[in-house]
Structure formats: structure tokens, C-alpha cells
Amino acid sequence: MNVPSLLLAGGRWRCFPLPLGSSLFQTLYNSCCRKESTAPEKIIPHVDFSDETAKESGKTFGKLFSSEQQASILHVLNTASNKELEAFKLLRGKKSLNIVEHRKKFGPFQNLESLMNVPLFHYKITIQVCNSILNPETEGKKKTLQESRILRKLIKPEIGRERVKAVNSIVSIVSGTRRLAWAHLDRKLAVLDWQQTEYCQLMKGSYLSSVYLEEISSIISKMPKADFYVLEKTGPSFQNPSLFPVLLHFHMTEAMLYALLNVTFAQDGHHQVLSMNRNAVGKHFELMIGDTRTSGKEVVKQLLSESVLKDEPRVFFPPEKIVRYRQMFSSTEHNRVEELYDSLLQAIAFYELAVFNTES
């Protein structure tokens, strides 16, 4: 048996025969001809954490927080304004507003588990919020975390903030393709030693590790002792295959310096050799033009002049050495010995960015 049915097709209503037992017929019949239900409507009850479930949660909160801690948390939740609640990192945005609105509507919180009745607060979030109220992130802590992030970007490998804070002297080392320079500065920014040495033969021949070991060992023997040895980290990524020998030279030199200067690493696991971001030093002295770092020659020249003309110069050159340093600088003016300039600037930047910025 077929039942006529009206269906919309091609923009017009048309009559089609519809088989009695078809699913489409059954659907139309159910939607048009079903009797109104007389069964009472089911009501989903509101879950209130004052019932048996809350009792179990209450036991958990009781184990996690003492009665004094619970009282302190409830005091904050029941008295703090929206702005004061937002001071806690986990209560920023809608969460703090929801707490204030819930307080106005239902009154003060009687226990910690009742916080889970507030929108956006499930069990895990509630525990985290309670902990954050007990242990707020103070301004000092925020500053410490920020300084730690700066250190991670500035220096590799990562070292403890306390070790950086306690540093008394460093040797800043910058190597090039023909020479290696270093500057020895104490925490008063007094230049205790500053010199360079040639090692042209390293870029010739077959880059034998034994040759690098002999040459770098000889240079290190002339260096003074220090708390840290800071190397320049350029991180070059050469696409031109012809520059591969230069990259190989830099990596071999860096590896030798790390191995030979980290004399106590095998015993205590503490790094004495660090690599400092070259561009960070360039930005500190405003030497960057885009991604390119320009010469630090004029900055060094100004520092040398200020050490004589100013009572409190940025960098202190000992009187018995200032003449020698000025002569050394003058002899390089025509050759632009960037390694010499950069070793001094890197040492200054290390103290000003990493050490002085981490002092309480």
C-alpha cells in the first residue's frame, strides 16, 4: 500500500506515493501523529558539593591542607576583590569574576570543596588555586624567574643563578680565523689583562686534532685563572660549501677550549666554560643593523678615553696598564682587529647583563 506524500523537489511541492512500511513514512508519522507524553518530565538535579560527594572531597582537602591553611584560603576567597584575586596567576580573567559573582549570589564559601560549584573550577583547578593562594608568586619571585629566562637566552649551557651572582672574575675569549683574543675582567669592571695571539697555521693543512690541541694548549697556558671562561657563540649556518672549512675551524677551536678549560668538570660536573650569544652583546652596545653586527672599534675607543677623562668610567683600566692598552689599540686601528674589541665588549656585557641584573 502506498500513501501519497508531499515533498519539495525542484523548488515546487510535488505528490509522491510513499510505501507504508518505509522508514521515511515512519519518521513522518512519528513527527506528526505521536501522542503527547503524559510521563512527568525528568529533572536533572544540580550537583551541590554539600552532599555525600562533597564529604569525600572534603576528606581529600583535609588531607592536603591543614585547618589553618584552609582558613587562610577561605579568607582570601571570601574577602578579596576581583582585582585582588587577579593578582593570583591562576585566577586571572573569568575565574576571579566567577568567584565574586558566586559569592554575591550564594554567600561566602563555607569550605574549600564548595569552590568546585563555581564555573571553570573542577577538582584539579581547585587544588592548584588553593596552592597558589598559599604560595603567591611575589614580585621578587617573578623577577627571579624573569632573570632566569634571560640567562637561558644569553648563556649556554644553563648554570645556576647563584653561581653567576657570586662570580669574581671572568676571561672573555673570542676566536677568529687568524687570531684569538681574551680580556680578563673582575666584577668591578677592572681590566686585569687584555691581549691577543696569532694562530694562522690552524687554517692551513688538514685540520689535525693534534695540531689544534698543541696550539690551543699553548694559548691557554698564557691565560689567567678565572671563575668562568666566556666564549663567543656565533652559531653560523653556512649554506655556501666553500665556507665549510671556516665552520669546521670554529667548532674545533670551541671544542678544544671547552675540553681544556673545564678542568674540574669530570669531578664536580660544574661548567666553567660558557658560550655567550654574540648578537645579544651587539644589541647591548647598539652595534646591530638588522641581523648584522657592526664593528665595536669606536665603542672600545670611547671606553679607553673615558677611563682617563672620567672619575667613574664604565670600565676601569689600571693606570700602570692603560698606556700599553692604548698603544695596543692604536696598532690595530688600521687592521680592525675585531677579536680584540669583541673580547672586551663581551666581558662587559656579561657583567652588565648576566651578573649585575641577577643581583638582589
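Cut-offs applied
- Residues numbered from 1 in each chain as written.
- Predicted model: local features only at pLDDT ≥ 70, side-chain atom pairs only at ≥ 80, totals over all residues.
- Heavy atoms only, no water.
- UniProt positions renumbered as here; feature names shortened; annotations may be inferred.
- Phe/Tyr/Trp six-rings, centres within 6.5 Å; stacked < 30°, edge-to-face > 60°.
- Helix = DSSP H or I, 4+ residues; strand = E, 2+ residues; numbered from the N terminus.
- Buried < 20%, exposed > 50% of the residue type's maximum accessible area, 1.4 Å probe, protein only.
- Pairing = 2+ DSSP bridges.
- Contact = heavy atoms within 4.5 Å.
- Axes fitted to C-alpha atoms, helices over the stretch in contact; angles between N-to-C directions.
- Expected span 1.5 Å × (residues − 1).
- Salt bridge = Lys/Arg side-chain N within 4 Å of Asp/Glu carboxyl O.
- Parallel < 35°, antiparallel > 145°, perpendicular 65-115°, else oblique.
- Nonpolar A, V, L, I, M, F, W, Y, C, P; charged D, E, K, R; others polar.
- Patch = residues over 30% accessible without salt bridge, like charges linked within 9 Å, V, L, I, M, F, W, Y side chains within 5 Å.
- Areas by Shrake-Rupley, 256 points an atom, 1.4 Å probe, with all protein chains shown as cover.
- Lys, Arg positive; Asp, Glu negative; His and termini not counted.
- Charge placed at Lys NZ, Arg CZ, Asp CG, Glu CD.

By the naming in an unreviewed UniProt entry, the protein chain goes by Transcription elongation factor, mitochondrial and is assigned to Capra hircus. The Subcellular location (unreviewed entry) comment attached to the protein chain in UniProt states, word for word, "Mitochondrion matrix, Mitochondrion nucleoid". Note on the protein chain: under the UniProt heading Sequence similarities (unreviewed entry), the record states "Belongs to the TEFM family."

A. Main features of the packing of aromatic side chains. A complete count under the given rule lists six aromatic pairs for this structure. For the pair Trp194 and Tyr325, a centre-to-centre distance of 5.7 Å together with 65° between the ring planes defines the contact as edge-to-face. Linking Trp194 in strand E6 (residues 191-198) with Tyr325 in helix H14 (residues 319-332), this pair joins segments that are 131 residues apart in sequence. A relative accessible area of 0% places Trp194 in the buried class. One aromatic cluster is present, formed by Trp194, Phe317 and Tyr325 through successive ring pairs.

B. Seen up close, the sheet that holds strand E4 (residues 169-175). The six strands are arranged E3-E8-E7-E4-E5-E6 in an open sheet whose pairing can be described as mixed. Because the sheet does not close on itself, it has two edges, and the strands there are strand E3 (155-156) and E6. Examined bridge by bridge, strand E5 (residues 179-186) and E6 share seven bridges and lie antiparallel to one another. Directly across from Leu185, in E6, lies its bridge partner Val191. Here helix H15 (residues 338-355) sits on the sheet and contacts E3, E4, E5, E6, strand E7 (228-233) and strand E8 (273-277); the angle it forms with E4, its principal contact strand, is near 140°.

C. Spotlight on H15. Helix length check: H15 (18 residues) gives 24 Å between terminal C-alpha atoms against 26 Å at 1.5 Å per residue, within 8%. Among the 18 residues in H15, 17 count as buried, and that is most of the element.

D. Just the pattern of salt bridges, in detail. Going through the model one piece at a time under the given rule, you end up with eight salt bridges. Residues joined by salt bridges that share partners form a network here, namely Glu232, Arg278, Arg293 and Asp342.

E. Molecular detail of the pairing of E5. Within E5, eight of the eight residues are buried, leaving the element largely enclosed by the surrounding structure. Sheet topology places E4 next to E5; seven bridges connect them, and they run antiparallel. Residue pairing across strands places Val171 opposite His184, the latter belonging to E5. Where E4 hands over to E5, the hairpin turn is made up of three residues, counted between the paired strands. Turn length for the E5-E6 hairpin, with the two strands adjacent in sequence and antiparallel, is four residues, and the turn residue Leu189 shows positive phi of about 60°.

F. Highlighting helix H5 (residues 94-106). Given a rise of 1.5 Å per residue, 13 residues ought to cover 18 Å, and the 18 Å separating the end C-alpha atoms of H5 matches this to within 8%. Lining the buried residues of H5 we find helix H3 (67-79) and helix H4 (82-85). Directly beyond the C-terminal end of H5, a positive phi value near 90° is found at Gly107.

G. Representation of the packing of H3 against helix H6 (residues 123-134) in the model. Orientation of H3 relative to H6, taken along the N-to-C sense of each, is 95°, at an axis distance of 10 Å. If you check the angle between H3 and H6, you find them roughly perpendicular. Residues Gln69, Ser72, Ile73, Val76 and Leu77 of H3 pack against Cys130, Ile133 and Leu134 of H6. Among the residues making up the contact of H3 with H6, the classes are represented as six nonpolar, two polar and no charged.

H. Structural context of a positive patch on the surface. A contiguous patch of positive charge on the surface is contributed by Lys89, Arg92, Arg149, Arg152, Lys153 and Lys156. Examining the composition of the positive patch, we find that three residues originate from one element, helix H7 (residues 139-154), more than from any other. Within the fold, Lys153 resides in helix H7. Its relative accessible area of 70% is what places Lys153 among the exposed residues.

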